[in-house]
Amino acid sequence: MRDERMGFEAFDCAPALRLEAHERVSKLHNDALNRRIEKQEEMMERLEKRLWLTVYGVVGTILAQAFQQLLQAGH
């Protein structure tokens, strides 16, 4: 592309190129951070499910032992 006024080809100046490069690097960093946050959220969800399974397991064990003691007391 030519600049018709001066007869020179259009070119990008160094500060504009540095800014574009910085914007690309910033976008890459933000994308990487977003992926890491998503992974951590998935891990937290899995951990929460495991925690609830553990809680239900403990409560079930306690109730089973109490029920067993009631059956033994009735005999």
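Residues numbered from 1 in each chain as written. Predicted model: local features only at pLDDT ≥ 70, side-chain atom pairs only at ≥ 80, totals over all residues. Heavy atoms only, no water.

The name recorded for the protein chain in an unreviewed UniProt entry is Gene transfer agent protein, from Thalassovita litoralis.

Another point: the overall build of the protein chain. In terms of helices and strands, the protein chain carries one helix and two strands. In sequence order, the protein chain lays out its α and β elements as β-β-α. Accessible area for the protein chain stands at about 7700 Å²; split by element, carbon and sulfur atoms hold 62% of it. (Helix = DSSP H or I, 4+ residues; strand = E, 2+ residues; numbered from the N terminus. Areas by Shrake-Rupley, 256 points an atom, 1.4 Å probe, with all protein chains shown as cover.)

In this section: a negative patch on the surface. Residues Glu-38, Glu-41, Glu-42, Glu-45 and Glu-48 make up a contiguous surface patch of negative charge. Tracing the sequence through the fold places Glu-48 in helix α1 (residues 14-74). Classification of Glu-48 as partly exposed rests on a relative accessible area of 46%. (Patch = residues over 30% accessible without salt bridge, like charges linked within 9 Å, V, L, I, M, F, W, Y side chains within 5 Å. Salt bridge = Lys/Arg side-chain N within 4 Å of Asp/Glu carboxyl O. Lys, Arg positive; Asp, Glu negative; His and termini not counted. Charge placed at Lys NZ, Arg CZ, Asp CG, Glu CD. Buried < 20%, exposed > 50% of the residue type's maximum accessible area, 1.4 Å probe, protein only.)

According to UniProt, the "transmembrane region" (unreviewed entry) feature falls on residues 51-71. For residues 51-71, helix accounts for 100% and strand for 0%, while the C-alpha atoms at its two ends are 30 Å apart. (UniProt positions renumbered as here; feature names shortened; annotations may be inferred.)

Across the protein chain, the average pLDDT comes to 89, with 84% of residues at or above 70. Element-level pLDDT for the protein chain is lowest in strand β1 (residues 2-3), with a mean of 48, against a maximum mean of 95 in α1. (pLDDT = per-residue confidence, 0-100.)

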